[in-house]
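Descriptive structure summary
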Amino acid sequence: MTATNRYPLLFSPLDLGFTRLKNRALMGSMHTGLEDVPGGFERQAAFFAERARGGVGMIITGGIPPNEEAGGGAKLSNPEEAAQHRIVTEAVHAADPDVKICMQILHTGPLAGTPACVAPSAIRSRIGRYVPNELDEAGIEKQIADFATCAAMARLAGYDGVEIIGSAGYLLSTFLVEKTNQRTDQWGGSFENRMRFPVEVVRRVREAVGDDFIVIFRIAAMDMLEGGMSWDEVVTLAKAVEAAGANIISTHFTWHEAQVPTIATMVPRAAFTQVTGRLRKELSVPMITSNRINMPDVAEAVLERGDADIVSMARPMLADPDLVLKAAEGREDEINTCIACNQACLDHTFTGQLVSCLVNPRACRETELTYAPAAAPKRLAVVGAGPAGLSYATVAAQRGHKVTLFDAAADIGGQFNLARRIPGKEEFDETLRYYRRMIEVLGVELRLNTQADPDSLKAAGFDEVIVATGIEPRRPQLEGIDHPKVVGYIDAILGRKPIGQRVAIMGAGGIGFDVAELITHSGPSAALDIDVFAKEWGVDFKNHPRGGVTGVTPVVASSGREVTLLQRKTDSVGKGLGRTTGWTHRLTLLRRGVKMISGVEYLRIDDEGLHALVAGEPRLFEVDTVIVCAGQTPLRTLYDDLQRQGVKASLVGGAFEAAELDAKRAIDQASRLAAVV
Ligand code: FAD
Ligand code: NAP
Ligand code: SF4
């Protein structure tokens, strides 16, 4: 079987009449921040050209505003601005003339961070900074005209098409639902009136660009809003948009304010494509589906089910620019899979940082972080096969160094072997699979079950030893810390010690939350079962009520343990978690009855339980088990010994700095050091 035959649908071309897509793999739109930095067009050119070389059929850029009031960076509204975009389109077409690149036109409406922001009604979004200005008739006409001009300029810039985003709480979608559109003129009221604006935008864009240009409309097939669009309205809008000139319709499943996770790790793969499949039956134009499609077999299965004509993979293309190429060549075990953590992509977007990727720090850094062949290959020992050691070893080996990788454990992965046991973090297995394979492909000599010691490292005569030995869990100095009811988080996660019915967790960082998830979890992981996911988040795929959500507070299955999550800080518990995912972890635990208490001063642990002061008042937590998740300190004994023996050594990952260390920082630091060794 040739490799492409393994994914016959993914690799079949799609004829759009005036043009042809070479395959069904699409890189979906992501705002990376490159749109807004000096030299951004050159950096976007490198970013997208690398993905074009990586085999994708079509690319959609990050959102480009059609005017000032649309918010979100440099607008496109005239030929001078269009000339800048040529840097991007020419780079992509030079990389592969068969790859199409479409520009997303993004008007963020009430979410634009400018007092000039506009909307159908003057209703402030829960996550918007300003009350938007209500558009009058002339204002509406201006916005429509600006969309049309922007699309014409995109054509002038050499794009193959545009995508108009009509979802997510941005301008077009705010016309669609009563919650944000309370107009009584021809642009509000009945659904026919509410959809007039998006349909008119599509009609005028088509008029401006002619027939031989791709126009994609992104529709909120399930907007996840209570009182959002009904299924009939979704179908009516899709048909109207098709009639107005869209030649592809792309489904979206979110509204930024909605309280349903739609792309995070705990969302099952391809969870939403069934909705696209239903809509596809109503339309004649090709349809794009998306969300948590991160491997070629998942994409092929989506196409096989008839859920879509094109599969969008956005974050997976950050994680691995060569995803499609690797699938075509039968090298899918070399794909660096997106684990849907959001840590370096969406969390960065929402905190004003340039996007990258936890598993691929080169994403959006293509021009500055390169892995050039080493001028003088060295013999390197890397000690510790956690994320830091793995990324150092593989990047160094890719550059031509001779690398030996040691780990005391029986398998690679370090703390990722703990993380992967947490329900909802099953994707972490993919990262370990990736590294396992790359160790083979790159010829890294792997020595497992080997506690590296300074004498043998010195005797082996390595040019340099990279110490990636990770961390030691912190054990707070507290009376009773050695009491039998005290369990460290490693023992708790590995099930090495029994956990009682009543539990206090000391420390509410990422690991405290993960441990709480693990010990309160019951039944199959929602990340692996769409029905469980739907139930836990109040999504009704079958009946598709307005927005697709039931509106009833979901019941989340629980182990029945009584758990209290404690921290010393007075901030609200969970504040330090990921910007775009923290709320999901908090909500799940609260729905399981987990109590969260901040401002705690620990006093002692004894047979009665954990004694503490809460807001200065004595409090006894009568618990059977106290699980310690109180952070970590670097494990540097090996490094110190090597230093003493005069062996050239460097530190990386948790061994370098444990405070606030996560895998994102460990992999980034290790890759950067290995790029210059
Ligand atoms: P480690 O992963 O600790 O690896 C160190 C390795 O060195 C170990 O394999 C150890 O066996 C080996 N070693 C030590 N001494 C020697 C020696 N002398 N000889 C040979 N081998 C030795 N981070 C995130 O970014 N996102 C998450 O969602 C996330 N979830 C997590 C969930 C849990 C439950 C846990 C425990 C951690 C999580 N983390 C997460 C944190 C992340 O796993 C760590 O930041 C990361 O593993 C640190 O990488 P490291 O390579 O520095 O160290
Ligand atoms: P952490 O986030 O630093 O949390 C440590 C917790 O321990 C805090 O709640 C801290 O809060 C408490 N603590 C610190 N010193 C203490 C002491 N002496 N006595 C009692 N409590 C103490 O670290 P972590 O939870 O161990 O996680 C390690 C790393 O892995 C972090 O960088 C984290 O981001 C990452 N991680 C990420 C995820 C994710 O989903 N993104 C999940 C797991 C882990 P107080 O000082 O207020 O008590
Ligand atoms: Fe995927 Fe995480 Fe990388 Fe974002 S940071 S692309 S979610 S692996």
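In case you missed it, the structure is sitting above this.
These lines cover the structure that appears in this document, whether it is placed above or below. A quick note: this is a predicted structure, and the numbers were derived from the prediction, not measured.

Moving on: the environment of T265. One can find T265 in the loop between strand 10 (248–252) and helix 8 (273–280). When the C-alpha positions of T265 and N342 are compared, they lie 8.2 Å apart, and in sequence the two are 77 residues distant. The contact partners of T265, leaving out residues within four places of it in the chain, are R292, I339, A340, C341, G424, K425, E427 and A527. At 3.0 Å, the side chain of T265 and the backbone oxygen of I339 are in polar contact. Of note is the side chain of T265, whose polar atom sits 2.7 Å from the backbone oxygen of A340.

Now for the sheet that holds strand 11 (residues 287–289). In space, the eight strands of this closed barrel follow the order 3-4-5-8-9-10-11-12, with parallel pairing throughout. Across the sheet, the mean angle separating the axes of adjacent strands is 25° when strand polarity is ignored. Here strand 3 (residues 25–27) pairs with strand 12 (residues 310–312) via two bridges, running parallel. When the bridges of strand 12 are listed, L26 appears paired with S312. Each of strand 5 (100–105) and strand 8 (161–166) touches helix 3 (residues 137–156); the most contacted strand, strand 5, lies at about 160° to it.

The full count for this structure, using the stated rule, is eleven aromatic pairs. An aromatic cluster is present here, built from F253, F272, F533 and F541 joined pairwise through their rings. Above the plane of the ring of W231 lies R278, whose end atom (NZ or CZ) is 4.5 Å from the centre. A cation sits over an aromatic face here: R379 above F462, 4.7 Å from the ring centre.

All right, on to the pattern of salt bridges then. Should their charged atoms come close, side chains of opposite charge can pair. Under the criterion given, the structure shown has 43 salt bridges. For R6, the salt bridge identified is with E332, shortest N-O distance 2.9 Å. Placement of the pair is R6 in the segment before strand 1 (14–15) and E332 in the loop between helix 11 (323–328) and helix 12 (346–349), with a sequence separation of 326 residues. For R6, a relative accessible area of 40% puts it in the partly exposed group. With a shortest N-O distance of 3.0 Å, D411 and R436 are connected by a salt bridge. Separated by 25 residues along the polypeptide, D411 in the loop between strand 14 (402–406) and helix 14 (416–419) and R436 in helix 15 (residues 428–441) bring together distant segments of the chain.

Pairing in this open sheet of five strands is parallel, and the strands run 15-14-13-16-27 from one edge to the other. The outermost strands of the open sheet, each flanked by one partner alone, are strand 15 (445–447) and strand 27 (649–651). Averaged over all neighbouring strand pairs, the angle between strand axes comes to 20°, with direction disregarded. Where strand 13 (residues 379–383) and strand 14 come together, five bridges link them in parallel fashion. Residue pairing across strands places V382 opposite L405, the latter belonging to strand 14.

Moving on, we come to the environment of D514. Within the secondary structure, D514 sits in helix 18 (residues 510–520). Linking D514 and A70, residues 444 residues apart in sequence, is a C-alpha distance of 39 Å. Setting aside chain neighbours within four positions, we find D514 in contact with I422 and K425. Within polar-contact distance, the side chain of D514 engages the side chain of K425 at 2.7 Å.

Around ligand 1 lies a shell of 32 residues, among which Q343, D407, K425, G654 and A663 are the nearest. Measuring from a nitrogen atom of ligand 1, one finds a backbone N or O atom of A408 at 3.0 Å. Contact distances for ligand 1 include 2.9 Å between an oxygen atom and a side-chain N or O atom of Q415. In the complex, the protein chains occlude 90% of the 1000 Å² of accessible area that ligand 1 would expose alone. The set of elements that each furnish at least two residues to the shell around ligand 1 consists of helix 13 (387–398), helix 14, helix 17 (489–494), helix 18 and helix 22 (663–674). Examining the composition of the shell around ligand 1, we find that three residues originate from one element, helix 14, more than from any other. Two domains each put at least three residues into the shell around ligand 1: domain 2 (379–473 + 633–674) and domain 3 (486–522 + 558–630).

Our focus in this paragraph is the packing of helix 13 against helix 22. Where helix 13 meets helix 22, the axes come as close as 8 Å, and the angle between the chain directions of the two elements is 30°. With respect to each other, helix 13 and helix 22 are oriented roughly parallel. In this structure, helix 13 meets helix 22 at a crossing whose hand is right-handed. Contacts between helix 13 and helix 22 pair P387, A388, S391, Y392, V395 and A396 from the former with A663, A666, I667, A670, S671, L673 and A674 from the latter. Its residues assigned to classes, the contact of helix 13 with helix 22 comprises eleven nonpolar, two polar and no charged.

Every regular strand shows the same layout, with side chains that alternate between the two sheet faces. Every second residue of strand 25 (residues 625–628) is oriented toward a common face, with T625 and I627 on one face and V626 and V628 on the other, all of them buried. Bridging between strand 19 (residues 502–506) and strand 25 involves four bridges; their strand directions are parallel. Across the sheet, residue M506 finds its bridge partner in strand 25, namely V628.

Parameters at a glance
For every chain, the first residue of its written sequence is number 1, and the numbers climb from 1 along that sequence. To label them, take the chains in the order written and letter them from A, then take the ligands in the order written and number them from 1. This being a predicted model, a pLDDT of at least 70 is required before a residue's local features are given, and a value of 80 or more before pairs of side-chain atoms are given or counted; all residues contribute to the totals for chains, interfaces and linings. Computation of side-chain values: all heavy atoms of the structure, hydrogens and water removed. For helices the rule is a DSSP run of H or I covering at least 4 residues; for strands it is a run of E covering at least 2, with both sets numbered from the N terminus onward. Residue contacts follow a heavy-atom distance rule, with two residues in contact if any of their heavy atoms lie within 4.5 Å. In protein, a polar contact means a hydrogen-donor-capable atom and an acceptor-capable atom, both N or O and within 3.5 Å, with residues adjacent in sequence counting only if both atoms are side-chain atoms; elsewhere, any N or O pair within 3.5 Å suffices. At least two DSSP bridges between two strands are required for those strands to pair. Helix axes are fitted only over the stretch in contact, all axes being lines through C-alpha atoms; the angle between N-to-C directions runs from 0 to 180 degrees. Whether two aromatic rings pair depends on their centres lying within 6.5 Å, for rings of Phe, Tyr and Trp, where Trp uses its six-membered ring; planes under 30 degrees apart make the pair stacked, over 60 edge-to-face, and the rest tilted. Each ring is checked for a lysine NZ or an arginine CZ that lies within 6 Å of its centre and within 35 degrees of its normal; such an atom marks a charge sitting over the ring. Every case where a carboxyl oxygen of Asp or Glu lies within 4 Å of a side-chain nitrogen of Lys or Arg is listed as a salt bridge. Any residue under 20% of the maximum accessible area for its type is buried, any over 50% is exposed, and the rest in between are partly exposed; the area is computed with a 1.4 Å probe on protein chains only. In this text, near means that some heavy atom of the residue lies within 4 Å of the molecule or strand in question. The Shrake-Rupley method, run with a 1.4 Å probe sphere, supplies the accessible areas, and residue values consider only the shown protein chains as cover. Domain borders in the structure are assigned automatically or taken from a domain database. Here is the rule for angles: anything less than 35 degrees is roughly parallel, anything more than 145 is roughly antiparallel, 65 through 115 is roughly perpendicular, and the remaining ranges are oblique. Handedness of a crossing is defined here by the sense of rotation of the near helix relative to the far one, left-handed for an anticlockwise turn of less than a right angle and right-handed for a clockwise turn. Gly is put with the polar residues, along with every residue not named as nonpolar or charged; the nonpolar set is Ala, Val, Leu, Ile, Met, Phe, Trp, Tyr, Cys and Pro, and the charged set is Asp, Glu, Lys and Arg.

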